[in-house]
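One letter stands for each residue in the lines below.
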Amino acid sequence: MIIEPKTRGFICLTSHPKGCEQNVLNQINYVKERPVKNGPKKVLVIGASTGFGLASRITAAYGSKAATIGAFFEKSPSEGRPASPGWYNSAAFEAQAHKDGLYAKSINGDAFSNEIKVQTIDLIKADLGEIDLLIYSLASPVRTHPDTGERFKSVLKPIGNTFTDNTVDFHTGEVKEISISPCTEDDIKNTVNVMGGEDWQMWIDQLKSAGVLSKDFKTVAYSYIGPSLTEAVYRKGTIGRAKDHLEATAFKITDALKDIDGKAYVSVNKALVTQASSAIPVIPLYISLLYKVMKEQGIHEGCIEQIERLFNARLYAENLEVDEAGRIRIDDWEMREDVQTKVLELWKQATTKNLPEIGDLKGYETDFYNLFGFKVQGVDYDKDVNEMVSIPSLQ
Ligand code: NAD
Ligand code: NA
């Protein structure tokens, strides 16, 4: 079929297998030239199909020839209906990894459930024996608690006061004011339940009990901080509480891993266009200004550049630098004072009329479409493609 983008708000209902494949191949090629010395060998990535998790899987596999198991929750294709992009990404990754002689298998289902945890542990036992790295890169709006069956929904709201500021609808380029009313106490609890550290800890507990964590095992979960501009909706809002919880969980996990000299880290990553971040109000305007400034300064990075730097300059470097709160920072370039001063200056001026010039609205839009395999260079979108692509290990 011929597949075209069908957008609704900040989501796209279709995705293109060839474009997704090309994105994955581009990331593989980037990492191939930047090997990771003393990198991981047996890796589990939770949230491995898109964004930072996919980049982590690719960096482990192609940076240090690691065997990877990728867990994710994606929609398979049906006749005339394309799969979700993470499905096509994972299909392309596995197919290429197998061609290159790398072990790669996938697990598709709800990673919050006990069932998926058991299935993953069984696969590790059968094929790898143990893992030396677990990357936790889940981003989800909902979580069903595995023990109680209770379903939690996360929200993106400020705490305490109504927040009013500008945002952009990047489809129309319109800059407009939005107001978000403050959350309830329940909203905080629910968001922490979904995006906090409880599930990460459950994974580690169960993997450890099963005896599948190697000595010197490492685990990393991803967080975000950002500037004061977005603080009210992000770091000091409901999602920020969840990230506080996630960051606190790293210390608890490290304690629980003492006997195997294991370590848990949180890495604070840069703001990037992903399916998760395009849903957050105000962030699209911030990102389009940030991209402009960082591209001008030659320090712009996408997911793969960020994660390759995380592995090479932090996680597997001789000295692992962390901040005063024990966090790894690869948002260091985003947070540079000169960058933030410039972004703030532009923020104050931004209007519908001037944003295409003072901001990188095009870059934002291109990145958004790329997430779904559209507007990818070198892909012929007029050509018929087979939407019924399968993931080799899931056949
Ligand atoms: P993403 O939407 O690209 O990836 C989410 C992944 O989680 C996908 O692989 C998806 O299949 C998987 N997933 C979702 N629900 C699942 C479930 N129930 N079971 C199994 N898998 C499930 O998101 P992302 O932006 O790469 O975010 C990953 C992490 O990075 C998040 O913790 C996010 O907060 C953090 N982060 C993101 C940014 C950013 O700007 N995008 C910046 C810093 C940190
Ligand atoms: Na991810």
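Because the structure is predicted, anything quoted here is derived from the model rather than measured. (Residues numbered from 1 in each chain as written. Chains lettered and ligands numbered in written order. Predicted model: local features only at pLDDT ≥ 70, side-chain atom pairs only at ≥ 80, totals over all residues. Heavy atoms only, no water.)

Chemist: Just give me the short version of the packing of aromatic side chains, but keep the residues and values in it.
Modeler: All told, the structure shown has ten aromatic pairs when counted by the stated rule. Seen from their ring centres, phenylalanine 374 and tyrosine 381 are 6.2 Å apart, and the 35 degrees between their planes marks the pair as tilted. The pair formed by phenylalanine 374 and tyrosine 381 is uniform in burial state, with each residue classed as buried. Three or more aromatic residues link up through ring pairs in this structure, and these residues are Phe170, Tyr364, Phe368, Tyr369 and Phe372. Lying across the ring of tyrosine 30, arginine 34 places its NZ or CZ 3.7 Å from the centre. Directly above the aromatic system of tyrosine 369 lies the positively charged group of lysine 375, at a separation of 4.5 Å from the ring centroid. (Phe/Tyr/Trp six-rings, centres within 6.5 Å; stacked < 30°, edge-to-face > 60°. Buried < 20%, exposed > 50% of the residue type's maximum accessible area, 1.4 Å probe, protein only. Lys NZ or Arg CZ within 6 Å of the ring centre and 35° of its normal.)

Chemist: Summarise the site of ligand 1; cite the residues concerned and give the values.
Modeler: Close to ligand 1 lie 30 residues; Ser49, Glu74, Ala111, Lys243 and Thr274 are nearest. Glycine 47 places a polar main-chain atom, nitrogen or oxygen, 3.3 Å from an oxygen atom of ligand 1. In the model, a nitrogen atom of ligand 1 is placed 2.8 Å from a nitrogen or oxygen of the alanine 111 main chain. Protein contacts shield 92% of the accessible area of ligand 1, which totals 840 Å² for the unbound molecule. Taken together, the residues that form the shell around ligand 1 break down as 14 nonpolar, twelve polar and four charged. (Near = heavy atom within 4 Å. Polar contact = N/O pair within 3.5 Å; in protein donor to acceptor, adjacent residues only side chain to side chain. Areas by Shrake-Rupley, 256 points an atom, 1.4 Å probe, with all protein chains shown as cover. Nonpolar A, V, L, I, M, F, W, Y, C, P; charged D, E, K, R; others polar.)

Chemist: Give me the lowdown on the environment of isoleucine 287, citing residues and values where you can.
Modeler: Assignment of secondary structure puts isoleucine 287 in helix α9 (residues 283-296). We classify isoleucine 287 as buried; its relative accessible area is 0%. (Helix = DSSP H or I, 4+ residues; strand = E, 2+ residues; numbered from the N terminus.)

Chemist: Could you give me a rundown of the nonpolar core, with the residues and numbers involved?
Modeler: Residues Tyr286, Phe311 and Leu355 are the most contacted members of the largest nonpolar core, which totals 94 residues. Among the elements that line this core, the one with the most residues is α9, at nine residues. Not counting chain neighbours up to four residues away, the residues in contact with tyrosine 286 comprise Tyr224, Pro227, Leu229, Thr230, Ala271, Glu334, Gln340, Val343 and Trp347. Leu123, Tyr136, Leu207 and Val212 belong to the second largest nonpolar core, which has 31 residues in total. (Core = buried A, V, L, I, M, F, W, Y, C linked by side-chain atoms within 4.5 Å. Contact = heavy atoms within 4.5 Å.)

Chemist: Talk me through the coordination of the sodium ion (ligand 2); I want residue IDs and the actual numbers.
Modeler: Around the sodium ion (ligand 2), the protein contributes the donor atoms Gly47 (O), Thr50 (O), Gly53 (N), Ser137 (O) and Ser137 (OG), at 2.8 to 3.2 Å from the metal centre. Take threonine 50: its relative accessible area is 25%, and that puts it in the partly exposed class. (Donors = N, O, S within 2.8 Å, 3.2 Å for Na, K, Ca; no water.)

Chemist: Give a description of the packing of helix α1 (residues 17-32) against helix α10 (residues 303-315) that names residues and reports values.
Modeler: The N-to-C vectors of α1 and α10 enclose an angle of 30 degrees; their axes lie 10 Å apart at closest approach. Taken as axis vectors, α1 and α10 run roughly parallel relative to one another. Crossing of α1 against α10: the hand is right-handed. Contacts between α1 and α10 pair Gln27, Tyr30 and Val31 from the former with Ile304, Glu305 and Glu308 from the latter. The residue inventory of the contact of α1 with α10, partitioned by class, reads three nonpolar, one polar and two charged. (Axes fitted to C-alpha atoms, helices over the stretch in contact; angles between N-to-C directions. Parallel < 35°, antiparallel > 145°, perpendicular 65-115°, else oblique. Left-handed = near helix turned anticlockwise from the far one by under 90°.)

Chemist: Go over unusual backbone geometry, please, and point to the residues and values.
Modeler: Its identity is not glycine, yet lysine 65 carries a phi of approximately 55 degrees, on the positive side. With respect to the helices and strands, lysine 65 occurs in the loop between α2 (51-64) and β4 (67-72). On the basis of relative accessible area, lysine 65 is assigned to the exposed category, the value being 69%. A positive phi angle, close to 55 degrees, is found at aspartate 261, a residue other than glycine. Note that aspartate 261 resides in the loop between α8 (238-256) and β12 (263-268). With a relative accessible area of 43%, aspartate 261 lands in the partly exposed category.

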